[in-house]
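In case you want the letters, here they are:
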Amino acid sequence: QIPREMRRRSKSPRAAYGSRGVQAKAILDFDQLNRTTPIGTSDALRIEEPEEPKNPFASPLDSGIGHDKNLIFFYQPHFIMAFVAGAASLGWMAYYNNGSDSIQNIKLGVVGMCFAFLLYCSLPTPVPNSAFMRPHPVVWRVVTGASITYLLMLVFTLFQTAHDARVLFTHIDPCRNGLASCGPAALIGEAAGRPKNLPERSYAEQCQVYTGGKDCKLWANLAAGETPCFKNVQETLEDEFVLAHVLGWFAKALIVRHAGAAWINSVIFEFLEYSFQHWMPNFAECWWDHWVLDVAITNFLGIYCGHLFMSYFELKTYRWMRISEIKSTAGKVSRAFFQFSPQRWDSFSWHALESPRRLMAVLLLYFIILVADFNAFALKFILWVPPRNPLNVYRLLLMWLLGLMASREFYEYVVNRQVKRLGHHPWLAAMILITEVLVWLKFGLAEGQWSKPFPRVVVVGWGVAAVVFAGWFAHHFHVVPARLRSLASPRGRAR
């Protein structure tokens, strides 16, 4: 038996270690017992508390510990509140300023940049240990810095007129500054300071599938005058957007980290193109272009390759060695090459149907990806940037790298109860996207680009989809659980 003195000492381990709810365990160390020594004088009984695993997404700054209970609100992180306040302030300042004075607009643009930068600085201190460590943490810090710079450039553009913004983009065109080798079709404007409107190509003018005759070829050399059997299909496949679809959905599969969720998002984007093709002719496509080439072939291929990529790194066994520990030169080179591979790869288990909160989080992620894709088309349309210009590639690459970090932090915020704040990268990505929306919306409204009303079939279609979703949501999360609870009750079992 344990003496009364020892029982009193170990009676309430929770009281000794606070009421944090962590279950303490009593370990009786028999190895330290001396049989000739009375057990009451031994220090064998110890109360140990298991250490909580360190979470790279949680920070002690998130709890407001050490402050008065009435002031904790002012010391806790409020990322969502800062995002709403910042977006509303930028929108109001930009739309309030409708003047055509370029000098005044430049001054206001500088003030807006300072406001956006100070708003970012007002956020809580970032967590020092990020989950992204390869190839080096400095790479991801540079990505964060580049994202902040891009946000400031967008804020400055927001305060300009549409004409002045287009003139500005002719000056920062990488093709005209010698930063990239481009053809004439990739240049922005006729010359520096002279913007040029771009004709938007419609992909829905020639929708006939079979166009050849007896001597047609399955894949013809159009430059040599050969007759293709499927001319319209071949011309569409030779477009630069085919490769962009494959690479784009490969990248988005790595962001979502769920093949089914990425493919559903690709289907929704096709409906989004149907809905906005009356504004941007570039969205108008033939039926086989929407559902065969895009959804069934290019999008599926990119998502499938992304899924294989994730499966390989998720199942891979990582045995990293320091370069100094490797003897051979070939081993050192191989180790340096694998420095650019993930240190570890974690898959996402969203479990969207588990609770309304999880489902809303997944739908929010869908919405953010759709907005990012739509902004790519809307910005090049409203700012007269050719599709082949490198600025489009730079923007997509930056948003992909930022999206990798943002989705990781957003996932932890949704599924991990230890994480109490949204995170810097989701906030930064959301601010960039909302500022892009403000830019193309402001310039388009000023020039009447968005004056055409939505077709009736689009309004009715989205209305029916919303009603069906609301009915399913109520049935799945309210009717079914209530029925299961009634069946589990004693009265329901008696029935």
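Provided above is the structure to which this section pertains.
Notes on the structure in this doc start here. (Residues numbered from 1 in each chain as written. Predicted model: local features only at pLDDT ≥ 70, side-chain atom pairs only at ≥ 80, totals over all residues. Heavy atoms only, no water.)

**Some points on helix α14 (residues 424–447)**
Step number 1: The terminal C-alpha atoms of α14 lie 35 Å apart, and with 24 residues this matches the ideal 34 Å at 1.5 Å per residue to within 8%.
Step number 2: With 18 of 24 residues buried, α14 lies mostly within the body of the structure.
Step number 3: G448 sits one or two residues past α14 and shows a positive phi near 75°. (Helix = DSSP H or I, 4+ residues; strand = E, 2+ residues; numbered from the N terminus. Expected span 1.5 Å × (residues − 1). Buried < 20%, exposed > 50% of the residue type's maximum accessible area, 1.4 Å probe, protein only.)

**Focus: unusual backbone geometry**
Step number 1: Here the phi dihedral of R257 falls at roughly 60°; this positive angle occurs in a residue that is not glycine.
Step number 2: For R257, the location among the structural elements is in the loop between α8 (240–256) and α9 (259–276).
Step number 3: Residue W384 is not a glycine yet carries a positive backbone phi of 60°.
Step number 4: You can see W384 is positioned in the loop between α12 (356–382) and α13 (390–415).

**Topic: a nonpolar patch on the surface**
Step number 1: A contiguous nonpolar patch, built from L71, F73, F74, Y75 and M81 and spanning about 550 Å² of accessible area, is present on the exposed surface.
Step number 2: Along the chain, Y75 turns up in the loop between β2 (45–48) and α3 (79–96).
Step number 3: Overall, the relative accessible area of 44% leaves Y75 in the partly exposed class. (Patch = residues over 30% accessible without salt bridge, like charges linked within 9 Å, V, L, I, M, F, W, Y side chains within 5 Å. Areas by Shrake-Rupley, 256 points an atom, 1.4 Å probe, with all protein chains shown as cover. Salt bridge = Lys/Arg side-chain N within 4 Å of Asp/Glu carboxyl O.)

**Focus on the side chain of D289**
Step number 1: Along the polypeptide, D289 turns up in helix α10 (residues 287–315).
Step number 2: Given the relative accessible area of 5%, D289 is considered buried.
Step number 3: Residue contacts for D289: discarding those within four places in its chain leaves Y203, T236 and D294. (Contact = heavy atoms within 4.5 Å.)

**Side note on the state of the cysteines**
Step number 1: Inspection of the entire model under this criterion finds three disulfides.
Step number 2: Residue pairing for C207: its cysteine sulfur links by disulfide to C286, the two sulfurs lying 2.1 Å apart. With the S-S dihedral at roughly -90°, the linkage between C207 and C286 falls on the left-handed side. With C207 in the loop between α6 (162–171) and α7 (231–237) and C286 in the loop between α9 and α10, this residue pair connects regions lying 79 residues apart in the sequence.
Step number 3: Looking at C286, the relative accessible area reads 1%, which means it is buried.
Step number 4: Between the sulfur of C216 and that of C229 lies a disulfide, 2.0 Å long from S to S. Its torsion about the S-S bond being 90°, the disulfide of C216 and C229 is classed as right-handed. Note that C216 is positioned in the loop between α6 and α7 and C229 in the loop between α6 and α7, a separation of 13 residues in sequence. There is no split in this pair, since C216 and C229 are both buried. (Disulfide = S-S within 2.5 Å.)

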